[in-house]
Amino acid sequence: MKKIKSVFCVIPTMRLIFQAYSMIFMLGNLVASQSLSSGGKDAINTTIINFNNEKMQITWAARELFPNENVSFFYTFGEGKNKVWKPCITYLLDQDYNSGCLFKTEGPTLAISIRNSNGSEELFYKNLKADFYIKPSPPENVTFFWEEDTVTASCNKPERNAWCLTFELQYKSKFDKEWQSRTSKCCSVREQGFDPRKCYSFRVRLRRRVPYCNVVKYSSDWAAETFWMNGTLLDSCDDDITPQSKTVIVLSCLLAVLLMMLILLILLCKWQRVRMSILPAIPDPKYPFADLFNYHNGNLQEWLDKNDHVVLQTKLEYEEPESITEAESQQEDGKNSGKEEPLEKIFTFPGAAENNDSKAAEIACLIPASNTIAPFAGFHVLMNDDMYVML
């Protein structure tokens, strides 16, 4: 029992010691980050960035602090009295004035000195901890693992001080206006609740922990943005069209084309009917009378003698019902008139209904009256006093 009690007493003591050590460490960071000005000179606001503990960049407001002088910059990573000051080689300019310096990181502690143009007078001096101003590099080899509605993003673990870094994941769908954020310890983060039907944009970065490791909240630049949909990597969220949806689109287009062709055929058939009702077909007279002009030189009597059966057939084919009705009405009028009026020109076919002779009919011509209209082969022929036929 005594051993158990002693263990329970040791645990709170260790917690207190750890908390006290953390407080001392934080206070040390804050004290080390404060600027120490020499000669009672006022402190100058500077921006200090340690790029992944590889390069240092220190800038100041040159035009505001030193409006009439182009200052020079010196630095050293040494400690003690035997410091070796190095002049800045790579200056950052602001309107041709030195406003910053870029140099290689060579140790955890750094001392900087801003002097006049020839370096004889010191205008500003400061000691600092270079490790407290680290800006990490973007994550490398970022991978995404999908498991149903859960995504796990991870990256390579840095070689130094990985415990000082946090891994941040941001995502949004094309329907979201703002990024959703999720943060975890380096170097993996897990998030769930993703809709497999949506396309998401992902980006990740590393953040330096404050105040345990940094005195400034520096984060790395965002890694390359990627686009995912249900575990499939896409070029962009505008391309979130699955193969199944592409097939549906192709089939829909084909059905639409076939439907349009069917509608065009229906309209074409309707148009033919409408056109035939408005503009009926007129038989071309050049076909039944081709022999008259080609072989008989326009001799109507000779053509009739040799082609009387053709004339009959042509008459039967091209004669319209209205013409037949009109001819019958004219014959009835002729019978009713009796001897009062002269006979009109009539085409008769004696023996055509009784005999099957090679000749279909014999045509008898009577002298028509002046300006008589005689039906012939489906046409109305005007015959004048001089017996000329006008076609």
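Residues numbered from 1 in each chain as written. Predicted model: local features only at pLDDT ≥ 70, side-chain atom pairs only at ≥ 80, totals over all residues. Heavy atoms only, no water.

1. Comments concerning the layout of surface pockets
Put simply, the rule is: We place a 1 Å grid over just the protein atoms. Points where a 1.4 Å probe fits but has no way out form a cavity, open points with protein on both sides within 12 Å along at least 5 of 7 lines form a pocket, and any residue with an atom within 4 Å of a point lines it. Grid points are joined across faces, edges and corners, and a volume is the space filled by probe spheres set on the points.
Approximately 480 Å³ is the volume found for the second largest pocket. What lines the second largest pocket is a set of 18 residues, and nearest its centre among them are Asn52, Ser137, Pro158, Glu159 and Arg160.

2. Description of the nonpolar core
Rules: Within this scheme, the nonpolar core is defined by two criteria: the residues are buried Ala, Val, Leu, Ile, Met, Phe, Trp, Tyr or Cys, and they are joined through side-chain atoms within 4.5 Å. Here's how the labels work: a residue is buried when its accessible area is under 20% of the maximum for its type, exposed when over 50%, partly exposed in between, all with a 1.4 Å probe on protein chains only. Only DSSP runs of H or I covering at least 4 residues are called helices, and only runs of E covering at least 2 are called strands; the numbering of each starts at the N terminus. In what follows, residue pairs with any heavy atoms lying within 4.5 Å of each other are defined as contacts.
One finds Phe73, Phe103, Leu110 and Ile112 to be the most contacted residues of the largest nonpolar core, which totals 25 residues. Elements supplying a minimum of two residues to this core: strand E1 (46-51), strand E2 (55-60), strand E3 (72-76), strand E6 (97-104), strand E7 (109-115) and strand E8 (122-129). Not counting residues within four places of it along the chain, the set of residues in contact with Phe73 comprises Ile58, Trp60, Lys86, Pro87, Cys88, Tyr91, Cys101, Phe103, Ile112, Ser113 and Ile114. One finds Ala153, Val189, Tyr200 and Leu206 within the second-largest nonpolar core, a separate group that totals 19 residues.

3. Re the sheet that holds strand E17 (residues 232-234)
The strands making up a sheet are joined through hydrogen bonds of the backbone, oriented either antiparallel or parallel. Spelled out, the test is: At least two bridges found by DSSP between two strands is the condition for calling them paired. Structural elements are reduced to axes, namely lines fitted to C-alpha atoms, with helices fitted over the stretch in contact, and the angle between N-to-C directions of any two is expressed from 0 to 180 degrees.
Overall, antiparallel pairing links the 5 strands, which are arranged E13-E12-E15-E16-E17 in an open sheet. Where the open sheet ends on each side, the last strands, each with one partner, are strand E13 (180-185) and E17. Ignoring which end each strand starts from, the neighbouring axes of this sheet average 35° apart. Note: strand E12 (residues 165-173) against strand E15 (residues 200-208), 9 bridges, orientation antiparallel. Bridge pairing links Tyr171 to Phe202 in E15.

4. Some details on the packing of aromatic side chains
Both the distance between ring centres and the angle between the ring planes are used here to describe each pair of aromatic rings. As a reminder of what qualifies: By convention, a stacked pair of Phe, Tyr or Trp rings (six-membered ring in the case of Trp) has centres within 6.5 Å and planes under 30 degrees apart, an edge-to-face pair has planes over 60 apart, and any other such pair is tilted. For a ring to carry a charge above it, either NZ of a lysine or CZ of an arginine must fall within 6 Å of the ring centroid while also lying within 35 degrees of the normal to the ring plane.
As enumerated under the stated definition, the model contains 17 aromatic pairs in all. Judged by centre distance (5.6 Å) and plane angle (50°), the ring pair of Phe144 and Trp228 falls under tilted. With Phe144 in strand E10 (residues 143-147) and Trp228 in strand E16 (residues 226-229), this pair connects stretches of sequence that are 84 residues apart. Chaining the aromatic ring pairs together yields one cluster made of Phe144, Trp146, Tyr171, Phe194, Tyr200, Phe202 and Trp228. Over the face of the ring belonging to Phe74 we find Arg115, whose NZ or CZ atom lies 4.4 Å from the ring centre. One Lys or Arg, Arg115, reaches over the ring of Trp85 and ends 5.5 Å from the middle of that ring.

5. Digging into the environment of Gly193
Tracing the chain through its elements places Gly193 in the loop between strand E14 (188-192) and E15. With 43 residues separating them along the chain, Gly193 and Thr150 place their C-alpha atoms 6.3 Å apart.

Function-wise, these values are silent; they only describe arrangement.
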